Amino acid sequence: MAERVSALAGNYPRGHHGLDGQAGVILCDIPNLVLQQVSAWPETFARVGTEAAQAVGLVLAPGPGRASNGSAGALLRVEPLKWWLYGTMLADLKAQDGCLLDLSHARTHVRVSGSDAATCLNRHLPVDLRDGTCPVGSVVSTALHHVAVALWRSEHGFELFLPRGFAMTCWEVLFETAEQFGVEVV
C-alpha cells in the first residue's frame, strides 16, 4: 500500500500563534488518512449499509447526516446512498450491490477543536455548529471558502475532510481566522 502523505505535511508552523494565553482553537493535520466511499443502489441500500456497518464493528449503519463509531473505525452517512468508512476499508463489494472508492489520497483530514472551534469555523461555514443543532455524531456537507468540504463532529472536535488540491488554501484561511482566538498547531 502506498504511503499516505498529507497535502499539508511540513507546510505549517507548529506551536502557539496569535492571541497570547491559552489557545481557543487547536488545529491538527491528522496523518495517514484511511477513507473509503461506499455507494449502494436503491435496491441494495439496506444490505450494503449492513455490510459497511459490520466493517467498522457496528450492527446498523447510521442515518442521514450522522456518524457512528465502531471498534474498527467510523461510518459516516454523507449522502442518501453513500457512506464513508473512516479508519478501515471494505475489501470487496459486488458490482450489482454498489461500488467502492478509495478517497484516502484525495482528501486531507484536519481537526479543529478547542473552546472557540465552533465560533472560528462559523466565520466561514454556513452551518449552525451549536451543540443543540450539530451534536457529536453529526455529518454535514458544506463549503469552506468556496470549497466543498465534509464536516464530522466527533468526540474530539470538528473533523474536516478537505479536497487535497485545496487543503493548503483552506488551512491558511482556518489558521488566519484562528489566530484571533489564540491557536495551537499540533
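Higher on the page you've got the structure.
Residue numbers restart at each chain and count upward from 1, following the sequence in its written direction. Reporting in this predicted model follows two pLDDT cut-offs: at least 70 for local features of residues, and 80 or more for side-chain atom pairs to be given and counted; totals over whole chains, interfaces and linings ignore these cut-offs and use all residues. Hydrogens and water are ignored here; the side-chain numbers use all heavy atoms of the structure.

A.B. asks: Can you help me understand unusual backbone geometry in this one?
C.D. replies: Negative phi is the rule for most residues except glycine; trans is the rule for most peptide bonds. Residue Asn32 is not a glycine yet carries a positive backbone phi of 55°. Each helix corresponds to a stretch of at least 4 residues labelled H or I by DSSP, and each strand to a stretch of at least 2 residues labelled E; elements are numbered beginning at the N terminus. Mapped onto the elements, Asn32 comes out in the loop between β2 (25-30) and β3 (35-40). In this structure, His145 takes a positive phi of about 55° despite not being glycine. Tracing the backbone through its elements, the reader meets His145 in the loop between β9 (139-144) and β10 (147-154).

A.B. asks: In this structure, what is going on with empty space enclosed by the protein? I would like to understand it.
C.D. replies: With a probe scaled to a water molecule rolled over the atoms, the places where space remains empty come into view. Residues are called lining when one of their atoms sits within 4 Å of a cavity or pocket point, these points coming from a 1 Å grid over the protein atoms alone, where a cavity is a set in which a 1.4 Å probe fits but cannot get out and a pocket is an open set with protein on both sides within 12 Å along at least five of seven lines. Grid points are joined across faces, edges and corners, and a volume is the space filled by probe spheres set on the points. Per the stated rule, a full pass over the model turns up one cavity of 30 Å³ or more. By volume, the largest cavity amounts to about 80 Å³. Forming the walls of the largest cavity are 13 residues, and the residues nearest its centre are Val5, Ser6, Leu33, Ser104 and Arg107. Ranked by the residues each element gives to the lining of the largest cavity, the list is headed by strand β8 (residues 107-113), at three residues. Residue composition of the lining of the largest cavity, grouped by class: four nonpolar, six polar and three charged. All amino acids are sorted into three groups, where Ala, Val, Leu, Ile, Met, Phe, Trp, Tyr, Cys and Pro are nonpolar, Asp, Glu, Lys and Arg are charged, and the leftover types, Gly among them, are polar.

A.B. asks: Sorry, what's going on with the side chain of Glu159 here?
C.D. replies: Assignment of secondary structure puts Glu159 in strand β11 (residues 157-163). Given a relative accessible area of 1%, Glu159 falls into the buried group. Under the rule applied, a polar contact is a pair of N or O atoms within 3.5 Å (in protein, one hydrogen donor and one hydrogen acceptor; residues adjacent in sequence only if both atoms are side-chain atoms). One polar contact links Glu159 to Arg111, side chain to side chain, over a distance of 2.7 Å. Engagement of the side chain of Glu159 in a polar contact is seen with the side chain of Ser154, the distance being 2.5 Å. Throughout, a residue-residue contact means that at least one pair of heavy atoms, one from each residue, lies within 4.5 Å. Aside from chain neighbours lying at most four places away, what touches Glu159 is His109, Val110, Arg111, Ala150, Leu151, Trp152 and Ser154. Relative accessibility under 20% of the residue-type maximum defines a buried residue, over 50% an exposed one, and the middle range a partly exposed one, all with a 1.4 Å probe and only protein chains included.

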